[in-house]
Amino acid sequence: MAARTDNFISPDYFKIDELLTEEHLMIRDMVRSYVKKEISPIIEDYAQRAEFPEHIVKQLGELGCFGPTIPVEYGGGGLDYVSYGLMMQELERGDSGVRSTASVQGSLVMHPINAYGSEAQKQKYLPKLASGEWLGCFGLTEPDHGSDPSSMITNFKDAGDHVILNGAKMWISNAPFAQVAVVWAKNEAGDIHGLIVERGMEGFSTPTTHGKWSLRASATGELVFDNVKVPKENIFPNVKGLKGPLGCLTKARYGIAWGAVGAAMDCYDTALRYSLERKQFGREIGGFQLQQKKLAEMVTEITKAQLLNWRLGVLMSAGKATPQQVSMAKRNACEIATNICRDARQMLGGMGITGEYPVMRHMMNLESVITYEGTHDIHLLITGMDVTGLNAFK
Ligand code: TGC
Ligand code: FAD
């Protein structure tokens, strides 16, 4: 497949750029240029072949996309949450799988080590993860426990200076390429703890998941633990219970809220451009009311989501955002992005199903994005519980 030239122009209908600082704009433009130069020309090919472009791990590390909010002393960027959001928006504008790689590394692997880990764990793992020398993954979901992780059965037993870990995790992004895995498991008392498991530990394997029609350029796998000896020093000392993994999810869901809007922006830009070039019945299809309705609704929803994300970023940076606000933003972004990508695909007619344009790839990717990190239903129930005080999960 010929490399694609990426002429993306960002929709900014409400001059949201004016809400951003010079630093935000610089970071956003740096990642946007990277995506245009290094991701857009290759990503369709990798997705078609269902292959993970492993070489981008180092590039993302060099760019500062791994752990942008982690303190500088551990190799992070020490940046605010709007900067982090903008990075995720730009990466997912390229491909949801690329954003996934960065989300998992920063929010699901580096964040728990930074927030719950010992000083020795931070020093050992964070700089290597920040630079992209090591890739990490996060194991919460199990074959029989997805939306309800509190029922997990992966467990560890005390064995002196180490513990013995048994069980399996499923649907784990980055797993086949990861050097380290942050794994959530129950101790003998049934309490959930986080452990750092390293590739090479005996009894630990990461079989690849094949046959995905979505996130094809992202590597997904299982984590299998067969009597794995994990040193006790690899257990997070500072967290116990489901709030440990859920706290990580809040950070990652925040990044997804921005990321999904990035995918929507790419589809809108592609559809708009196409509608002004493609002629049927003697005129540009963009001149037909039915196509204008789609474009007008797309840019309206993108604008609303951009404003929601920006406000959430400000609240996150001030330490004032609630997990429920993050759920609303994640759910909203996934919904509007999924609808926009489907409409854009239709606007491209037959061309819309080919890899000539990024739209079908985004559309298929978003089926994972709307499912992982809490399904669309789960985030609706989180909002429902927040506004009524009544729990409809159980
Ligand atoms: P519940 O009793 O509500 O809560 C247990 C404890 O956790 C606290 N908590 C949170 N803390 C931080 N952030 C959040 N978002 C939190 N939500 C809850 C809560 O206050 C409580 O604390 P404490 O001190 O009282 O113990 O728990 P529950 O068992 O009733 O479950 C609630 C529910 C259903 C909302 C939760 O289990 C859930 O969110 N389920 C969805 C599972 C999920 O999102 N899995 C994602 C797996 S990772 C992934 O998909 C990565 S994909 C990445 C990529 O490739 O980009
Ligand atoms: P289920 O929980 O079985 O849900 C099935 C359906 O039931 C859904 O529609 C759901 O909304 C609905 N449902 C469930 N409970 C309720 C309820 N109480 N009320 C109403 N409806 C309900 N996990 C990780 O730990 N780490 C990763 O890196 C990771 N990466 C992923 C990558 C990909 C590509 C995918 C697809 C998934 C990944 N996941 C990961 C797993 C993901 O988080 C789960 O798929 C997700 O949480 C849903 O769990 P499930 O698939 O078991 O669905």
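Every value quoted in this text rests on a predicted model; they were computed, and no experiment measured them.

Asks: Please clarify how unusual backbone geometry should be interpreted in this entry.
Replies: Negative phi is the rule for most residues except glycine; trans is the rule for most peptide bonds. The backbone of Ala50 shows a phi angle near 55°, a positive value even though the residue is not glycine. When you line up the elements, Ala50 lands in the loop between helix 1 (22–49) and helix 2 (56–63). A relative accessible area of 43% places Ala50 in the partly exposed class. Of note, Trp171 is a non-glycine position whose phi angle comes to about 65°, a positive value.

Asks: Explain the domain arrangement of the protein here, please?
Replies: Where interface size is quoted, it is often the accessible area lost as the parts come together. Domain annotation for the protein reports domain 1 (16–131), domain 2 (136–234) and domain 3 (243–388). Each of domain 2 and domain 3 has a C-alpha centre, and these two points are 30 Å apart. The partner domain 3 presents 11 residues to the eight residues of domain 2 that form the contact. Here domain 2 meets domain 3 over a buried area of about 800 Å², counting both sides, of which 75% is carbon and sulfur. Counting across the interface, domain 2 meets domain 3 through zero salt bridges. At the boundary of domain 2 with domain 3, the tally comes to four residue pairs in polar contact (both at pLDDT 80 or more). Within the side of domain 2 that touches domain 3, the residues separate by chemical class into five nonpolar, two polar and one charged.

Asks: Even after reading the chapter, I still don't get the side chain of Lys212, so can you show me in this structure?
Replies: For Lys212, the position within the fold is in the loop between strand 6 (204–205) and strand 7 (220–231). At 2.7 Å, the side chain of Lys212 and the backbone oxygen of Ser218 are in polar contact. When residues no more than four places from it in sequence are discounted, the contact partners of Lys212 are Ser218 and Thr220.

Asks: When you look at the layout of surface pockets in this model, what are you seeing that I'm missing?
Replies: Regions of empty space are outlined by a rolling probe, equal in size to a water molecule, passed over the atoms. As a volume, the largest pocket reaches approximately 1,300 Å³. Lining the largest pocket are 44 residues, and of these Gly146, Leu249, Arg253, Glu373 and Gly374 sit closest to its centre. Counting only elements with at least two residues in the lining of the largest pocket, the list comes to helix 4 (96–116), strand 3 (162–173), helix 6 (243–277), helix 8 (323–347) and helix 10 (376–388). A breakdown of the residues in the lining of the largest pocket according to their chemical character gives 19 nonpolar, 17 polar and eight charged. Along its surface, the second largest pocket is lined by 23 residues, and Arg4, Thr5, Glu356, Tyr357 and Pro358 are the ones closest to its centre. At six residues, the largest contribution of residues to the lining of the second largest pocket is made by helix 6.

Asks: Hey, could you run me through the site of ligand 2 in this one?
Replies: Among the 17 residues in the neighbourhood of ligand 2, the closest are listed as Thr141, Ser147, Trp171, Thr375 and Asp377. Thr141 has a polar side-chain atom sitting 2.7 Å from a nitrogen atom of ligand 2. In the model, a nitrogen atom of ligand 2 is placed 3.2 Å from a nitrogen or oxygen of the Phe393 main chain. Isolated, ligand 2 exposes 970 Å² of accessible area, and the fraction of that covered by the protein chains is 68%. Most atoms of ligand 2, that is more than half of them, are within 2 Å of grid points of the largest pocket. Contributions of two or more residues to the shell around ligand 2 are made by strand 3 and helix 10. Looking at the shell around ligand 2 residue by residue, the class counts come to eight nonpolar, seven polar and two charged. Of the residues that make up the shell around ligand 2, three or more belong to each of domain 2 (136–234) and domain 3 (243–388).

Asks: Can you walk me through the pattern of salt bridges in this structure?
Replies: When the charged atoms of two side chains lie near each other, side chains of opposite charge can form a pair. Considering all chains together, one arrives at 19 salt bridges under this definition. Arg99 serves as the salt-bridge partner of Glu92, at 2.5 Å between the closest nitrogen and oxygen. The exposure class assigned to Arg99 is buried, which follows from its relative accessible area of 1%. When the shortest N-O distance is used, the salt bridge between Glu367 and Arg342 registers 2.6 Å.

Asks: Sorry, what's going on with a nonpolar patch on the surface here?
Replies: Together, Tyr13, Phe14, Leu19 and Leu307 make up an exposed nonpolar region whose accessible area comes to about 430 Å². Along the chain, the position of Leu19 falls in the segment before helix 1. Assessed through its relative accessible area of 37%, Leu19 is described here as partly exposed.

Asks: Where do I start with the site of ligand 1 in this structure?
Replies: Surveying the vicinity of ligand 1 reveals 27 residues, the closest of which are Ser100, Ser173, Thr250, Arg253 and Glu373. At 2.8 Å from a nitrogen atom of ligand 1 is found a side-chain nitrogen or oxygen belonging to Thr250. One of the backbone nitrogen or oxygen atoms of Glu373 is found 2.8 Å away from an oxygen atom of ligand 1. The protein chains hide 72% of the 1,200 Å² of surface that ligand 1 would expose on its own. A molecule is said to occupy a pocket when more than half its atoms come within 2 Å of that pocket's grid points, and by this definition ligand 1 occupies the largest pocket. Among the secondary structure elements, those contributing two or more residues to the shell around ligand 1 are helix 4 and helix 6. Split into classes, the residues belonging to the shell around ligand 1 amount to 12 nonpolar, 10 polar and five charged.

Asks: I would appreciate a short explanation of empty space enclosed by the protein in the present structure.
Replies: Throughout the structure, instances matching the rule amount to one cavity of 30 Å³ or more. Taken together, 13 residues line the largest cavity, and the ones lying closest to its centre are Ile16, Asp17, Arg28, Gln89 and Gln306. Breaking the lining of the largest cavity down by element, the ones donating at least two residues are helix 1, helix 3 (81–94) and helix 6. Among the residues making up the lining of the largest cavity, the classes are represented as six nonpolar, three polar and four charged. A domain-level breakdown of the lining of the largest cavity finds at least three residues from each of domain 1 (16–131) and domain 3 (243–388).

The rules behind each value
Residues numbered from 1 in each chain as written. Chains lettered and ligands numbered in written order. Predicted model: local features only at pLDDT ≥ 70, side-chain atom pairs only at ≥ 80, totals over all residues. Heavy atoms only, no water. Helix = DSSP H or I, 4+ residues; strand = E, 2+ residues; numbered from the N terminus. Buried < 20%, exposed > 50% of the residue type's maximum accessible area, 1.4 Å probe, protein only. Domains from an automatic or database assignment. Contact = heavy atoms within 4.5 Å. Buried area = accessible area lost by both parts, 1.4 Å probe. Salt bridge = Lys/Arg side-chain N within 4 Å of Asp/Glu carboxyl O. Polar contact = N/O pair within 3.5 Å; in protein donor to acceptor, adjacent residues only side chain to side chain. Nonpolar A, V, L, I, M, F, W, Y, C, P; charged D, E, K, R; others polar. 1 Å grid on protein atoms, 1.4 Å probe; cavity = no way out; pocket = protein on both sides within 12 Å on 5 of 7 lines; lining within 4 Å. Points joined across faces, edges and corners; volume = space filled by probe spheres on them. Near = heavy atom within 4 Å. Areas by Shrake-Rupley, 256 points an atom, 1.4 Å probe, with all protein chains shown as cover. Sits in = over half its atoms within 2 Å of the grid points. Patch = residues over 30% accessible without salt bridge, like charges linked within 9 Å, V, L, I, M, F, W, Y side chains within 5 Å.

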